[in-house]
Each structure stands twice: as C-alpha cells, then as structure tokens.
Amino acid sequence: MNAQTPITRQAGLDQLDAFLREGAADYASMRNTDLGPAAHPTTSALSPYLRRRLLTEHEVVAAVRSALGERAAEKFTSEVFWRTYFKGHLETHPAGWSDTLALIAAGRERLDAEPGLRRAHAAAVEGRTGIDCFDAWARELVETNWLHNHARMWFASIWIFTLRLPWALGAAFFLRHLVDGDPASNTLSWRWVAGLHTRGKHYVARAENIRRYTAGRFDPAGLDENPHSLDEERPPRETALLAADAVPSGDVALLLHLDDLSPETLPIGGRVRCVAGLLAHADDAAEPVRAADRAAMRDGLERAASRFDCPIVPFADGWADGLPVVTPWAPIGPTASALQPGVLRIRRLWDEVAWPQSSRGFFRLRSAIPAVLDACAVPEHA
C-alpha cells in the first residue's frame with residue numbers, strides 16, 4: 001500500500017474482495033506481524049478507504065462477518081470499532097485536538113530555538129538514528145506513505161521514550177505522510193502510546209517483540225525498555241456530544257468532504273440539486289497524500305452526480321445558489337475547522353449509536369458492539 005494506489009471506492013471494493021479471499025481468515029493471528037513493504041499485507045489495508053469513508057465501517061464489517069461468521073470476524077470487527085471509538089472520543093474531548101495543535105506549534109518553535117533538538121529530530125525523520133527498525137520505518141513512511149499498524153506503535157514508542165522527542169511532533173510527522181492519516185486515530189494513538197490517553201498506561205517497544213513480529217528482519221539495540229509514561233497538567237475535558245442537524249425535506253445542495261465520500265448511503269431526505277467538494281488537507285500534508293485526497297474527492301463527486309443526477313459545481317462563494325447546504329458529519333479535524341456556519345451536518349446511524357459509548361475507555365464501546373451492530377442491522381452471517 002502506498003499513495004500511488006488508486007484511492008477510489010472501486011479500488012477499496014477491490015481491496016476488500018482481495019482481503020476476503022486472501023487474508024481475512026488469518027487476520028487475527030497475523031495482524032501484528034510486519035513482514036515489510038514488499039510482502040503480502042498481514043492487515044486488511046482498508047484504512048485509506050475507511051479514513052475517507054469511500055468504504056463505510058458498516059459495509060466492511062458486514063462483508064467480513066458474512067464471509068467468516070460472527071466469531072471468526074470478532075477481532076477484525078473490534079479493530080474497526082477502535083476507529084469509531086477514536087472519532088467518538090475526540091468528539092467528546094475536543095481539546096485533545098486543539099491541545100495537540102498547540103503542542104505541535106510549540107514543538108516547531110523549539111526546533112528553531114534548540115540546535116540539539118533540531119539535529120535529533122532531523123535524524124529521526126530522515127532515518128539516521130542508528131536504530132535499525134526505526135530508521136527503516138522512517139524511510140518507508142516517507143517513501144511509501146504507509147506503515148504497518150504495529151510498526152506505527154513501535155515507532156511512536158521509540159520516538160517518545162528512547163529518542164525523547166516531543167510526541168506531538170511525531171504525530172505531525174505521521175499525519176504529514178500517511179495516506180490513511182486520520183486526525184482522531186493518529187492523535188489518540190500517539191497519546192495512548194505516551195500514556196496520556198489511559199493515564200499511566202503506556203506502550204513500550206521491546207527489542208524481542210520487534211524481532212519476533214518482524215520475522216527477525218530487525219535487531220534493535222539501545223531501546224529504553226523501562227520508561228515512565230508521560231503526564232500532562234490538564235487532560236482534555238469531556239464535553240457533551242454535539243447534536244446533528246435535522247435533514248431538510250426539500251431541495252438541497254450537497255457538500256462532500258474527505259471524511260465521508262459515500263454519498264450513495266447518506267441519509268438525505270430531499271432532492272440534491274448540485275454537489276461540491278471541500279478539500280481540507282491535514283496541515284503540511286505531503287504531496288502524495290494531497291494527490292490521493294484529490295483523486296478520492298473526484299471519485300466521490302462523480303458518484304454523487306450520478307446518484308443524484310445533478311451537476312458538480314466548484315466550491316466557491318454562492319455555489320449553492322441559495323439552497324440549504326447539507327454535508328456528512330465531519331469529525332474534529334481539518335474539515336470540521338473549515339466548514340462554514342450554517343451548513344447542516346447530518347450524522348450516520350453508526351456514529352449516532354456508537355459515539356455516545358466512546359466518551360470514556362474503549363471497553364465501554366467494545367461491550368456495546370453487539371447493540372451497535374443490531375441497531376445498524378449488520379447481519380451475523382450470510
């Protein structure tokens with residue numbers, strides 16, 4: 001997987017089909033193994049499509065449960081719900097995002113002011129630390145815009161606890177280069193590794209674990225395997241989940257964005273008269289990621305025009321010609337920040353049911369997975 005892979009709904013459906021045929025049955029046993037960029041993927045590789053909702057969580061979980069049955073699909077289903085959890089948690093803890101942006105800005109100021117930190121940071125992002133696995137992953141990330149999920153955890157842990165670099169700068173490095181970079185999953189995963197998301201419980205990269213789950217490709221030396229978790233003065237405070245807007249029954253203009261490009265299944269009541277696209281990339285996103293975003297947006301707009309038999313219009317002042325503008329709910333991140341007041345934000349049933357269970361730890365949502373699947377009419381099997 002890399003940013004040269006087409007990021008369209010059809011490409012996502014093809015990847016889902018390949019996963020069901022070739023990897024789904026072994027997912028639970030192989031998902032933690034990183035065999036390298038040239039090997040057959042040991043994960044589903046569906047995240048670039050889920051991140052933009054070219055595929056929805058509902059249809060992906062339904063397809064895997066249909067193919068494998070409820071029990072065999074349990075691990076995959078749980079991992080998809082981690083994505084849902086992170087979005088719902090950030091929606092109810094918005095300071096988790098704004099605080100991270102502030103820490104990134106502060107970290108960049110430190111890079112300008114502290115030559116030692118600047119040299120250490122450059123060595124890390126350029127893959128020159130001398131830690132074999134970390135350097136390989138840094139280069140892989142920049143070259144392919146992708147990293148195995150387990151490698152992301154190891155990388156973040158080494159960045160924070162061995163190299164002692166500011167964690168928010170590591171999160172920014174990921175979001176700049178990952179073709180599946182998701183504001184919620186990325187931010188809260190880095191916080192979790194650091195021991196901030198679940199306070200005092202951090203993730204430690206261990207040399208033996210890396211050797212084992214990379215099939216001996218790496219033999220890292222010098223890792224700090226006994227670090228203390230990070231702490232913060234004020235953890236993000238929980239706030240009430242904002243309510244979605246009611247969907248108007250008359251004619252509307254549809255605004256698509258990078259957080260939801262499945263217009264065919266949006267709960268729209270009225271007739272869509274025109275559609276436009278809002279491209280709000282992550283801050284400082286690399287050009288391959290921006291290109292993937294543009295391709296995904298083109299695909300979403302073309303399918304919306306076909307589905308609703310309406311024209312695609314440029315996103316500019318007056319584009320809606322006075323019609324009410326509806327848009328899929330944009331979770332906290334660049335798109336939500338770019339949306340103008342007055343846009344009607346509609347929420348999918350999946351999020352409406354799951355996000356209220358995501359305000360605390362993941363296991364609250366995990367226990368509610370059967371209820372969410374039942375509410376969304378996801379079948380147990382074919």
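It should be noted that the structure appears before, not after, this text.
My aim in this report is to walk through the structure given alongside it, one point at a time. (Residues numbered from 1 in each chain as written. Predicted model: local features only at pLDDT ≥ 70, side-chain atom pairs only at ≥ 80, totals over all residues. Heavy atoms only, no water.)

### Here's the deal with the sheet that holds strand 4 (residues 344-346)
And step 1. Here 4 strands make up an open sheet; going across it, the order is 2-1-3-4 and the pairing parallel. If you trace the sheet from one side to the other, it starts and ends with strand 2 (272-278) and strand 4, each paired once. Between one strand axis and the next, the sheet turns by 30° as a mean value, whatever way the strands run.
And step 2. Bridging between strand 3 (residues 325-328) and strand 4 involves 3 bridges; their strand directions are parallel. (Pairing = 2+ DSSP bridges. Helix = DSSP H or I, 4+ residues; strand = E, 2+ residues; numbered from the N terminus. Axes fitted to C-alpha atoms, helices over the stretch in contact; angles between N-to-C directions.)

### Considerations on the pairing of strand 1 (residues 252-257)
And step 1. With 6 of 6 residues buried, strand 1 lies mostly within the body of the structure.
And step 2. Both faces of strand 1 are covered, namely the face carrying V252, L254 and L256 and the face carrying A253, L255 and H257.
And step 3. The pairing of strand 1 with strand 2 spans 6 bridges and is parallel. Within strand 2, the position partnered with L255 by the bridge is A276. (Buried < 20%, exposed > 50% of the residue type's maximum accessible area, 1.4 Å probe, protein only.)

### A look at helix 4 (residues 57-68)
And step 1. With 12 residues, helix 4 extends 16 Å between its outermost C-alpha atoms, agreeing within 8% with the 16 Å of an ideal straight helix rising 1.5 Å per residue.
And step 2. Restricting attention to buried positions, one finds in helix 4 the residues E57, V60, V61, A62, V64 and R65.
And step 3. Two residues or fewer after helix 4 comes G69, characterised by a positive phi angle close to 95°. (Expected span 1.5 Å × (residues − 1).)

### Topic: the layout of surface pockets
And step 1. The computed volume of the largest pocket comes to approximately 1200 Å³.
And step 2. Contributing to the lining of the largest pocket are 44 residues, with E79, W82, F86, N149 and S189 lying nearest its centre.
And step 3. Mapped onto the lining of the largest pocket, the elements with two or more residues apiece are helix 3 (47-51), helix 5 (74-92), helix 9 (149-162), helix 11 (183-194) and helix 16 (362-375).
And step 4. Counting residues per element, the lining of the largest pocket draws most heavily on helix 5, which supplies 9 residues.
And step 5. Across the lining of the largest pocket, the residue classes tally to 20 nonpolar, 15 polar and 9 charged. (1 Å grid on protein atoms, 1.4 Å probe; cavity = no way out; pocket = protein on both sides within 12 Å on 5 of 7 lines; lining within 4 Å. Points joined across faces, edges and corners; volume = space filled by probe spheres on them. Nonpolar A, V, L, I, M, F, W, Y, C, P; charged D, E, K, R; others polar.)

### Some points on the pairing of strand 3
And step 1. Side chains V325 and T327 project from strand 3 onto one buried face, and the interleaved V326 and P328 project onto a second face that is buried too.
And step 2. Pairing of strand 1 with strand 3, which is carried by 2 bridges, proceeds in the parallel orientation. Residue L254 lies in a different strand from strand 3, and its bridge partner there is V326.

### Some words on helix 7 (residues 115-125)
And step 1. The complete set of buried residues in helix 7 reads L117, H121, A123, A124 and V125.
And step 2. Buried residues along helix 7 sit in contact with helix 6 (95-113), helix 8 (132-144), helix 9 and helix 10 (167-177).
And step 3. Once helix 7 ends, the next one or two residues include G127, with phi positive near 70°. (Contact = heavy atoms within 4.5 Å.)

By themselves, these are just geometric observations and shouldn't be taken as functional.
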